[in-house]
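Listed below, chain by chain, are the residues.
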Amino acid sequence: MKFFGILFVLVLQVGLLLVVHSFYAQNPSQIDVFTTEQGLPYRDIKSITQDKNEFIWMGTAVGLLRYDGYNIKTYNSNKSNPLFIEKEHIMGGLDIDDATNELWYIANEELFKLNPLTDKAITYNKTHNIMGSVLFFLKNKDGSFWIVSDDYKTAKKGKAKQYLQKFNGDRFEIKYSILRGEVDYTRLISDSNSHILWSTSNGSLKFDPDGNLEAKFNLSSFKWFGTDLKFNISFYDSCNIHYYFPQKERGIHIFDEDNLTHKRILDKPIQFYNAIEDYQKHIWFSGLDELYRMSPEGEFTDYTVQLKARFKYSIIRDLFIDANKLLWVATDNGSFKIRIGDELFKPLFKSKNEGWGNTMRGIFEDKNGTIFAKCENNNTLLYKTLNGEVDTLQIQLDKVDLEAIQHTANFFVVDNKKEHVFTLGETLMKINLKDGSVKRYDEFRNYVTFKGQNPLIKLRDGKLFFGQSLSQLVLFDIENETSTLLFKDSEIEDDISNYMYFEESKIDSLIWIGTQNDGLLKVHLKGCLEKKFTTKTTPYISRNSIRSLEEDTDGSLWVGTYGGGLDHISADGNRVKTFTKSQQLPNNNVVGLLSDDANGLWISTYNGLSHFDKTTKIFQNYYTEDGLTHYEFNYASSFKDSRGHFYFGGMNGLNTFKPEDIFRESNPPKLRLLSASRYNNQNKSSFTEDYIKTKFTVLELSPYDQYFEINWTMPSYFQNQKNTYSTKLEGFEDRWFYQGNSASIRYNQLPAGDYILKIKGKDSQGIDSASMLSIPITVRQIFYKKWWFMALIFLTLAGIAYSIFRYRLQQALAMERLRTKISSDLHDDVGSLLSGLAMQTELMEINASETDKFKLQKIAGISRNAISQMRDLVWSIDSRRETIEDLLERMRELAEELLLPKDISFQMDSFSVKNPNKKLSAPTKQHIFLIYKEAITNILRHSDATHVTVTITNETKGSWLIIKDNGNKKECYTSTGLGLSNMTMRAVNLKGKLEFDKESGFEVKLFLPFTL
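Residues numbered from 1 in each chain as written. Predicted model: local features only at pLDDT ≥ 70, side-chain atom pairs only at ≥ 80, totals over all residues. Heavy atoms only, no water.

Caption draft 1: The arrangement of the side chain of Thr331 in detail. Summarising the element assignment, Thr331 is placed in strand 29 (residues 326-331). Within the structure, Thr331 has its side chain in polar contact with the backbone oxygen of Gly334 (distance 2.7 Å). Residues in contact with Thr331, not counting those within four places in the same chain, are Arg43, Asp44, Ile45, Phe311, Tyr313, Ile315, Ile316, Arg317 and Phe336. (Helix = DSSP H or I, 4+ residues; strand = E, 2+ residues; numbered from the N terminus. Polar contact = N/O pair within 3.5 Å; in protein donor to acceptor, adjacent residues only side chain to side chain. Contact = heavy atoms within 4.5 Å.)

Caption draft 2: Structural detail: the sheet that holds strand 59 (residues 672-680). Here we have four strands laid out as an open sheet, ordered 60-59-62-65, and antiparallel in their pairing. Two strands lie at the open edges of the sheet, namely strand 60 (685-690) and strand 65 (744-748), each paired on one side alone. Each adjacent strand pair in this sheet contributes to an overall mean axis angle of 15°, direction not counted. (Pairing = 2+ DSSP bridges. Axes fitted to C-alpha atoms, helices over the stretch in contact; angles between N-to-C directions.)

Caption draft 3: Here's a closer look at the sheet that holds strand 31 (residues 346-348). If you trace the four strands from one edge of the open sheet to the other, you get 31-58-57-56, paired in antiparallel fashion. One side of each edge strand has no neighbouring strand; the edge strands of this open sheet are strand 31 and strand 56 (633-640). For this sheet, the mean inter-axis angle between neighbouring strands, taken without regard to orientation, is 25°. With four bridges connecting them, strand 57 (residues 646-650) and strand 58 (residues 654-657) associate as antiparallel partners. Note that in strand 58 the partner of Tyr647 across the bridge is Thr656.

Caption draft 4: Examining the pairing of strand 15 (residues 196-200) more closely. The buried fraction of strand 15 is high, at five of five residues. Both faces of strand 15 are covered, namely the face carrying Ile196, Trp198 and Thr200 and the face carrying Leu197 and Ser199. Note: strand 14 (residues 186-190) against strand 15, five bridges, orientation antiparallel. Residue pairing for strand 15: Thr186 is matched across the bridge by Thr200. Hairpin connection from strand 14 to strand 15: five residues lie between these consecutive antiparallel strands, with Ser194 at a positive phi of about 70°. Bridge analysis of strand 15 against strand 16 (residues 203-207) gives five bridges, and the strand direction is antiparallel. By the bridge assignment, Trp198 is partnered in strand 16 with Leu205. What sits between strand 15 and strand 16 in their antiparallel hairpin is a turn of two residues. (Buried < 20%, exposed > 50% of the residue type's maximum accessible area, 1.4 Å probe, protein only.)

Here it is as structure tokens:
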């Protein structure tokens, strides 16, 4: 607003911008930034608010910005922009109508309301009874909307007024007015009871929720070019305490409205302009470029230095707290995002030095719950008691022994009573934790490597286990102070040495040993090396240099390597899976491992701390910006105390936390579906559906959609580049797929069917989303694979087949009728004529001469033969005689007609005929019969046989028709009529074969490729 510009000039003119003493916040790393480097299109942010979809809206001098955590939509006055708004110089007054989710804002001293569903803005002006320019907008605690308007541009000189107006749902009602002064200073705030305080140049006016004036306050005044101004910026907290920030006195003051008394609570020469209260009852105050936080106890913390260390800015424009309790600090160069809440990681033994400070190793706990740790660079043993006392245990050693401790003592193990601690210096030593006195066990001097790692553990049976090679592994009984070697020299083939870490297995009498260069050893306390894992064994580990070990509840082993990442060896030792930076492990140097009670593994590395979910296989990484004292952690510097606190030491102190506190630090974030886009290959076009504007039910895809893409967001804005997601497409995928920080997924040409895309997320702190997105997806079947199309095709084919069948049936019936007619006509007409001819010839033969008798007899024979041939032809084409039984009957008739008159007996064996009612086609019936007739005719003409046998036999693949006589052997058979060649031709037409046997009489064998 114009007020801020004038006020800024005022501050510059009076020269009151001073450097003040800062109270440093304990955890400055809880500050994130959003500037042009993170995609902000315009850096000068005037005001910030958040809608019901949890999207952030920012007002700038060049338009509105809507931010969903990934994408920014820009609304401005560029007419080519589909997100066009009439005026783009946003002055402030940015707020959301909770009932409609519409955005109210002031631009170029006009009031607008934007509907995000249509991206259209409504202008409120004099038609809505607004009295000139709009200077300030307020959404009251009760949800009502108020403005301050000014008719300075239209009123006569000296008559201009400012108006307090309330929106009644259609227009703005004037509730109060005052004469306008030389400047347009104005401000509206509401208290916890929805009363309105109007700060003006002539003082502060208090109104009830209906706009009735209740009181007038003159809080403070100051001179402005000779004019006495009474304008003061005020703020009410949730307890209705009235804070104000006077121009003259500066600092922060409290005004008691009942007693009309004043109290100064921050005596700083700073002019404050904004204030906001967070959920922990802290109040944040911003000056021109200063930011302070006041605790509920009244203690102030200065965040100014921390802000300026992140990026340069000149003015703090606005303060806003979002739905995830994140404080947004809008400036002229971007925005800060401050996580409000307790520190994720509490520092212990941290040095004030930047970079490397107190390098820590060897953490342990005594019987009183006091935490000890070795500060390597100072060579001291620091401790902190339960009541918070921090001090140093003075170890009673000479200079040489102290130097040995500095370079060799990395592991510390308390005794059974937790009153003494054992470590390895020049030898094994027992330190009294009360007075620092030391007992030395010089017999182990040769078992310690100077400047080596010298791992040391206490086993479940209370014995100490240490040593630097297989031949030096020692079991030390701390009660009776006796020791035994684990291995005998004769049992050691390769005396592997240079050990880094010991881990006792949950299986009795087994010890895991991580080495410097020889991989992982599995040693039995009976004195044998059971197994070895190296980069060359099967299975193999990623590196031979081991830094940390942690056995899991299922007997599997987690192995932290130097340079090879994290290895997981299965309980049976047959499988090894490696996790490295490519799987989001922060660094491949793993120096510390601790398991929590929620199936998680905490991993310290050379570049941050990580939580690994053993179920989902997802890493959640933490760095200095999350509150760690340093990004680099140390080997032999991880510990879990008796109260469930975890400790990881690094290059500057310890980081302590409880895992369950990390994950309940903030509200679970929400996932929101943004849009779906697809590309249709049939019409070569793209489609995008914005599900912020339209309600989502189901995503229906065409079979011609080449691909589709789903976009979502999780409006958890603190370090949102660390938000991670996993997806599973049910019906297509059988497991979850890790998507990293990508908030979109694409699928190409899914098969037709119904699917559900499930999406779950974690925010930057590893907190799971409140619920997962379940997106129903239906891919329509292509038309030629749909049931109705298949049924139509089936019916069409069935119709065609039926039509063909009907046509062929009609043709067959017509042929049958024709055959019947021809056979009837031949039998009745031609047969009668031939019979008459034969009879007439026989009558003429009675009275004829001998010469004519011979001729007439020949004519009569020809006629009778013609009658016989015609009868056979008529029988063969007669559709009424088409079964096998009809064929056999005709064959018997023919044999009787031809053979019996010649005194030739015959026998027909047809008992093997299986289906006498089987129909034969006319050609088949005709060929079989004529072959049979020719065979009988040949017997009559060329054989002296007295008996003929006709046999029909059926086989698997066909049948045989055999005609055999008992005549004498002939040299050669000749035939008139059809002849043997015609018989063979007919057999070929039947797709059978014909055989002749002349050894004993004459035998004709016809094979048919079907059964009779």
